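Here's the letter readout for the chains.
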There are 2 protein chains.
Amino acid sequence: MSAQPLTSFDKLCIHTITHKPWSLREVIDNFARENVKGITVWRGDIEGGSPVEAGKMIRSRGLEIVSYCRGGFFPAKTALDRQSAIHDNERMIDEAAALGAPLIVLVCGAVPGLPLSESRRHIVDGIKAILPRAKDKGIKLAIEPLHPMYADDRSAINTMQQANDVAEEIGSDYVGVAIDVYHLWWDPRLEVEIKRCGRMKKIFAFHICDWKTPTEDILFDRGLMGEGCIDIRKIRGWVEDAGFKGYNEVEIFSNSRWEKDQADYLSEIKQAYLRHS
Amino acid sequence: MSAQPLTSFDKLCIHTITHKPWSLREVIDNFARENVKGITVWRGDIEGGSPVEAGKMIRSRGLEIVSYCRGGFFPAKTALDRQSAIHDNERMIDEAAALGAPLIVLVCGAVPGLPLSESRRHIVDGIKAILPRAKDKGIKLAIEPLHPMYADDRSAINTMQQANDVAEEIGSDYVGVAIDVYHLWWDPRLEVEIKRCGRMKKIFAFHICDWKTPTEDILFDRGLMGEGCIDIRKIRGWVEDAGFKGYNEVEIFSNSRWEKDQADYLSEIKQAYLRHS
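Residues numbered from 1 in each chain as written. Chains lettered and ligands numbered in written order. Predicted model: local features only at pLDDT ≥ 70, side-chain atom pairs only at ≥ 80, totals over all residues. Heavy atoms only, no water.

Going by an unreviewed UniProt entry, chain A carries the name Sugar phosphate isomerase/epimerase family protein and comes from Rubellicoccus peritrichatus.

A. View of the overall build of chain A. Across its full length, chain A holds 10 helices and eight strands. In terms of overall size, chain A behaves like a compact globule, its C-alpha atoms giving a radius of gyration of 18 Å where 277 residues would be expected to give roughly 19 Å. Considered along the principal axes of its C-alpha atoms, chain A spans approximately 45 × 45 × 35 Å. Within chain A, the proportion of its 277 residues that are buried is 59%. (Helix = DSSP H or I, 4+ residues; strand = E, 2+ residues; numbered from the N terminus. Rg over C-alpha atoms; globule rule 2.2 N^0.38 Å. Buried < 20%, exposed > 50% of the residue type's maximum accessible area, 1.4 Å probe, protein only.)

B. Seen up close, the layout of surface pockets. What the largest pocket holds in volume is close to 800 Å³. Looking at the lining of the largest pocket, the elements that each hand over two or more residues are α5 (160–170), α7 (190–199) and α8 (232–241) of chain A together with α4 (116–137) and α5 (160–170) of chain B. Among the residues forming the lining of the largest pocket, the class breakdown is 19 nonpolar, eight polar and 13 charged. One number sums up the size of the second largest pocket: a volume of about 390 Å³. Looking at the second largest pocket, it is lined by 23 residues, and the ones nearest its centre are Pro 115, Leu 116 and Ser 117 of chain A together with Trp 185 and Lys 234 of chain B. Looking at the lining of the second largest pocket, the elements with two or more residues in it are α4 (116–137) of chain A together with α7 (190–199) and α8 (232–241) of chain B. By residue class, the composition of the lining of the second largest pocket is 14 nonpolar, three polar and six charged. (1 Å grid on protein atoms, 1.4 Å probe; cavity = no way out; pocket = protein on both sides within 12 Å on 5 of 7 lines; lining within 4 Å. Points joined across faces, edges and corners; volume = space filled by probe spheres on them. Nonpolar A, V, L, I, M, F, W, Y, C, P; charged D, E, K, R; others polar.)

C. Examining the interface of chain B and chain A more closely. Facing the 22 residues of chain B at the interface are 22 residues of chain A. Where chain B abuts chain A, roughly 1,900 Å² becomes buried across the two surfaces, and 69% of that area is made up of carbon and sulfur atoms. At the boundary of chain B and chain A, one finds zero salt bridges. For the side of chain B that touches chain A, a count of residues per class yields 11 nonpolar, seven polar and four charged. (Contact = heavy atoms within 4.5 Å. Buried area = accessible area lost by both parts, 1.4 Å probe. Salt bridge = Lys/Arg side-chain N within 4 Å of Asp/Glu carboxyl O.)

D. Up close: the pairing of strand β2 (residues 38–42) of chain B. Residue and element names in this part refer to chain B. Among the five residues of β2, five are classified as buried, and the element is accordingly described as predominantly covered. Residues Gly 38, Thr 40 and Trp 42 point to one face of β2 and Ile 39 and Val 41 to the other, with burial holding for every one of them. Two strands pair when backbone bridges link them, and strand β1 (residues 12–15) and β2 are joined in this way by three bridges, in the parallel orientation. Opposite Cys 13, over in β2, you have Gly 38 as the bridge partner. A crossover connection joins β1 to the parallel β2 through helix α1 (residues 24–33); in handedness this β-α-β unit is right-handed. Of the pairings in the sheet, the one linking β2 to strand β3 (residues 64–72) comprises five bridges and is parallel in character. Bridging across to β3, Val 41 finds its partner in Tyr 68. Handedness of the crossover joining β2 and β3 through helix α2 (residues 51–60): right-handed. (Pairing = 2+ DSSP bridges. Right-handed = clockwise from strand over helix to strand, strands pointing away.)

E. Examining the relation of the copies chain B and chain A more closely. Screw-axis analysis of chain B against chain A gives a translation of 0.0 Å along the axis, an RMSD of 0.0 Å, and a rotation angle of 180°. In symmetry terms, the pair is related by a two-fold rotation axis. Most of the interface of chain B is mirrored in chain A: 100% of its interface residues are interface residues there too. (Least-squares fit on C-alpha atoms with pLDDT ≥ 70 in both.)

F. Fine view of the UniProt feature "domain: Xylose isomerase-like TIM barrel" (unreviewed entry) in chain A. The sites that UniProt annotates as "domain: Xylose isomerase-like TIM barrel" (unreviewed entry) are residues 50–266 of chain A. Taken end to end, residues 50–266 of chain A is 45% helix and 15% strand, and its two terminal C-alpha atoms sit 26 Å from one another. (UniProt positions renumbered as here; feature names shortened; annotations may be inferred.)

G. Structural detail: the packing of aromatic side chains. Counted under the stated rule, the structure contains 11 aromatic pairs over all chains. Ring pairs connect the aromatic residues Tyr 182, Trp 185 and Trp 211 of chain A, which therefore count as one cluster. Above the plane of the ring of Phe 9 of chain A lies Lys 270 of chain A, whose end atom (NZ or CZ) is 4.7 Å from the centre. The ring of Phe 220 of chain B carries the charged tip of Lys 20 of chain B above its face, separated from the ring centre by 5.8 Å. (Phe/Tyr/Trp six-rings, centres within 6.5 Å; stacked < 30°, edge-to-face > 60°. Lys NZ or Arg CZ within 6 Å of the ring centre and 35° of its normal.)

H. Looking closely at the environment of Leu 99 of chain A. Residue and element names in this part refer to chain A. Of note, Leu 99 is situated in helix α3 (residues 79–99). Residue classification places Leu 99 among the buried positions, given a relative accessible area of 0%. Each C-alpha atom of the pair Leu 99 and Ser 67 lies 9.8 Å from the other, and the pair is 32 residues apart in sequence. Excluding residues within four positions of it along the chain, Leu 99 makes contact with Val 41, Pro 51, Ala 54, Gly 55, Ile 58, Arg 59, Ile 65 and Tyr 68.

I. Inspection of the environment of Asp 231 of chain A at higher detail. All names here are of chain A. With respect to the element layout, Asp 231 can be found in the loop between β7 (203–208) and α8. The class of Asp 231 is partly exposed, set by a relative accessible area of 37%. In terms of polar contacts, Asp 231 uses its side chain to reach the backbone amide nitrogen of Lys 234, at 3.1 Å. (Polar contact = N/O pair within 3.5 Å; in protein donor to acceptor, adjacent residues only side chain to side chain.)

J. Layout of α7 of chain B. Residues and elements named next belong to chain B. Residues Leu 190, Glu 193, Ile 194, Arg 196, Cys 197 and Gly 198 constitute the buried set of α7. In this fold, the buried residues of α7 make contact with α5, β6 (175–180), α6 (181–184), β7 (203–208) and α8. At the exit of α7 stands Lys 201, carrying a positive phi of roughly 60°.

K. Fine view of the environment of Gly 55 of chain A. Residues and elements named next belong to chain A. By the secondary structure assignment, Gly 55 is in helix α2 (residues 51–60). Overall, the relative accessible area of 0% leaves Gly 55 in the buried class. Through-space distance from the C-alpha of Gly 55 to that of Ile 65 is 7.8 Å; in sequence the pair is 10 residues apart. Ignoring anything within four residues of it in the chain, the contact list for Gly 55 reads Ile 65 and Leu 99.

L. Just the pairing of strand β5 (residues 140–143) of chain B, in detail. Residue and element names in this part refer to chain B. Judged from the four bridges that link them, strand β4 (residues 103–107) and β5 form a sheet pairing that is parallel. What sits directly across from Val 105, in β5, is Ala 142. Following the chain from β4 across α4 to the adjacent parallel β5, one finds a crossover that is right-handed. Pairing analysis gives three bridges linking β5 to β6, with the strands arranged parallel.

M. Summary view of the state of the cysteines. According to the stated counting rule, one finds zero disulfides over all chains in the structure shown. Looking at the unpaired Cys 209 of chain A, the closest cysteine sulfur is the one in Cys 229 of chain A, lying at 10 Å. We note that Cys 13 of chain B lacks a disulfide partner, and the nearest cysteine sulfur, in Cys 69 of chain B, lies 9.0 Å from it. Assessed through its relative accessible area of 0%, Cys 13 of chain B is described here as buried. (Disulfide = S-S within 2.5 Å.)

See the structure below:
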């Protein structure tokens with residue numbers, strides 16, 4: 001069943017990358033002024049800066065840090081590169097702890113030419129390898145299944161079923177799934193796998209945006225909610241029925257939106273959030 | 001297990017659209033001269049012309065017509081439009097019979113904003129509606145599952161499992177599946193569903209090309225075999241192990257290739273066919 005329409009911004013979170021032209025400080029100022037409650041911080045947006053200071057700045061303005069994006073990219077052709085990916089993810093866990101983010105989203109990785117079955121093994125091994133550090137620091141990890149059009153070089157985990165399988169295999173309270181409507185809306189098994197994920201208590205995040213027709217760019221042409229064909233409210237209903245009570249995170253990569261005035265864009269996001277999410 | 005390398009062009013079929021800049025007559029002349037045995041004819045390439053004459057011209061040069069592309073596009077928002085799609089598919093069956101093609105490939109269709117579950121119902125209803133005409137004319141129908149990135153406006157059938165389910169539900173010897181590596185390579189269930197399709201005797205066609213990294217255009221940037229990340233030989237092995245003995249059909253939509261000299265391109269295709277298929 002579709003969810004009830006949203007009537008407030010209490011569960012609205014926006015990813016810093018959605019407003020890529022803004023500095024982290026501009027993002028925080030605008031979110032605070034516009035009553036956006038949650039923020040998901042992309043690693044590049046605190047690059048060079050101190051995660052501790054970034055976390056303080058965010059909390060001082062009353063914002064809640066929802067997650068830290070993005071770890072993963074475990075598969076590689078050499079053992080050395082796989083080890084280096086593991087170290088990088090461990091550093092990211094430390095950064096998340098310093099920032100005060102409870103969760104890291106994992107874009108699990110894929111390498112053109114490496115069989116997907118092998119990449120999938122590297123992913124499981126990689127997550128298991130960083131798990132002790134994640135537990136130690138109290139940081140959860142969310143496997144984000146990516147759309148099959150990213151199976152070449154971004155993620156070998158491309159359906160909710162696969163993400164659930166991996167999370168179940170690892171079997172830790174610290175490992176769950178990030179559900180992004182953009183990646184998963186087409187899947188006839190989505191509803192049943194969201195239910196399964198809910199039963200496992202592994203729905204860790206919920207990301208929204210829309211799928212535009214036509215899609216002009218495979219990476220940077222995501223739509224604002226309502227601009228495309230995804231029935232976001234229906235999927236949000238499934239996610240909430242499965243027990244999820246967290247934020248609705250607006251994560252939009254869009255060349256055309258990034259060219260526009262970001263304050264206007266934030267107003268559009270808020271409108272679209274109420275009308276179409 | 002991977003298939004044996006190909007050592008001849010006996011099973012090579014090329015889609016007319018692969019050489020879009022050429023007229024049908026140029027395609028036929030070049031295929032005949034270059035020892036390409038099979039041809040799949042795209043409807044647009046005989047537009048305005050007579051399918052009977054096209055068929056005669058093709059056979060007179062020793063080429064075999066493998067299939068006729070493409071029917072489908074059954075889902076629509078109004079009953080009138082659905083009926084019109086059914087009539088168009090019936091006309092296409094007549095054309096295939098006139099041409100002498102044994103098979104029509106179905107790009108089943110999807111409409112932005114129409115729920116996929118509803119589109120899927122329209123697809124089943126549409127195929128059932130045209131089935132009497134297909135039987136009457138002796139034309140088989142192949143459901144082609146399309147990559148999930150086309151679920152908005154091209155096909156609501158996006159995995160081999162769905163195509164098998166629909167073919168099984170319809171339960172006619174005239175309805176099977178067209179397997180295209182471009183659409184399906186990423187799917188962890190592909191091998192098992194190819195086996196299932198083989199058991200049902202429903203593998204009707206096998207299409208090859210490659211997935212490029214990066215993919216610059218969602219429609220027209222397919223790669224030549226060997227240019228991308230798809231293990232075509234492995235998938236061909238699954239298809240042959242499942243009992244398929246038909247052609248390997250090269251179907252490449254590529255803006256960059258269409259700009260090049262088509263005779264050179266045909267040589268490249270033949271080389272890539274032996275090396276990477």
